[in-house]
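The chain contents come next:
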Amino acid sequence: MDAVHTIAFAVYPYVVITAFVLGHSYRYATDRYGWGARSSEILDKQGLKVGITLFHWGILLTLFGHAGGMLIPQSIYDSAGIDSRTHTQVAVSVGLVIGIAAFAGMFLLLKRRFYQNRVRAVTTVNQFVTLILLFIAISSGLYNVLLGHYDVLNSVAPWIRSIVILRPDPALMTPVPFSYKLHVVSGLAILGFSPFTRLVHIWSVPLTYLIRRFIVFRSTC
Ligand code: HEM
């Protein structure tokens, strides 16, 4: 195992986790008014609709799928009667549908950023980099689902769990094909970079909106 591999799969994940935690805390403490999605809807509503909807449904379901499929050991699925073959089949078929949704949405959002003059004029380098990183992670993920067919349940999944329990085992990632490594490295790059981008809006889902009392602007009597 060479040094680059060890750095990529035993050191880099912890650099990312540190940047993620400290970065969000710092940003929250110093830039509370800049914390948000920086909506560009006012500049172009029509071009946003389809892309943003497909992208968000696709990416949110993908994140839940990754958490459920990778963090929970196969032994727990086995005890629930779901063998690794069924697990993989479900992951690949559901992953294909939501991966295509996220990819198509991302493609439309990027196209809008590049070709809608008003939107391009207000786009910062930071926003372009965020979208391009997301594009790399999503397209490599979709490529893996379509053409990769690698046994992630016995390689990438236990590697992720080894990181979580603070006993990194980079050897598990050695035989993994390049497209999976690219997916992992770009996904981690998004995590580490996210506190410094508009992605902080993920942590401000207005859930209380669903249960708050009505606001009466004008009395009916
Ligand atoms: C947790 C639930 C989420 C909510 C409620 C939410 C909401 C929003 C809203 C309101 C916008 C602004 C749309 C506009 O321009 O008007 C937005 C944009 C965006 N969101 Fe989310 N989001 C969520 C999760 C995510 C996740 C998980 C990601 C990616 C990892 C993400 C990535 C983005 C990106 C990249 C944009 C900018 C798109 C563009 O303008 O080109 N969001 N989101």
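First, a word on scope: everything that follows refers to the structure included in this document. (Residues numbered from 1 in each chain as written. Predicted model: local features only at pLDDT ≥ 70, side-chain atom pairs only at ≥ 80, totals over all residues. Heavy atoms only, no water.)

1. Quick notes on the coordination of the iron atom of the ligand
Here's step 1: His56 (NE2) and His201 (NE2) make up the full set of protein donors to the iron atom of the ligand, lying at 2.0 Å.
Here's step 2: The coordination sphere of the iron atom of the ligand comprises six donor atoms, whose angles at the metal cover 86 to 179°; the geometry is octahedral. On the criterion of sequence distance, the pair formed by His56 in helix 2 (residues 46–71) and His201 in the segment after helix 8 (178–193) is long-range, its members being 145 residues apart. (Donors = N, O, S within 2.8 Å, 3.2 Å for Na, K, Ca; no water. Tetrahedral: all angles 85-135°; square planar, octahedral: opposite > 155°, others 65-115°. Helix = DSSP H or I, 4+ residues; strand = E, 2+ residues; numbered from the N terminus.)

2. Points about the pattern of salt bridges
Here's step 1: Tallying each qualifying case throughout the model produces three salt bridges.
Here's step 2: When the shortest N-O distance is used, the salt bridge between Arg27 and Asp31 registers 2.8 Å.
Here's step 3: For the salt bridge of Glu41 with Lys45, the shortest nitrogen-to-oxygen distance reads 3.5 Å. (Salt bridge = Lys/Arg side-chain N within 4 Å of Asp/Glu carboxyl O.)

3. Thoughts on the packing of aromatic side chains
Here's step 1: The final tally for this structure, using the stated rule, is six aromatic pairs.
Here's step 2: Here the aromatic rings of Tyr150 and Tyr180 are separated by 5.8 Å at their centres, their planes lie at 55°, and the arrangement is tilted. Note that Tyr150 is positioned in the loop between helix 6 (125–148) and helix 7 (156–164) and Tyr180 in helix 8, a separation of 30 residues in sequence.
Here's step 3: Since its relative accessible area comes to 26%, Tyr150 is described here as partly exposed.
Here's step 4: When the ring centre of Tyr209 is taken as reference, the NZ or CZ atom of Arg212 above it lies at 4.5 Å. (Phe/Tyr/Trp six-rings, centres within 6.5 Å; stacked < 30°, edge-to-face > 60°. Buried < 20%, exposed > 50% of the residue type's maximum accessible area, 1.4 Å probe, protein only. Lys NZ or Arg CZ within 6 Å of the ring centre and 35° of its normal.)

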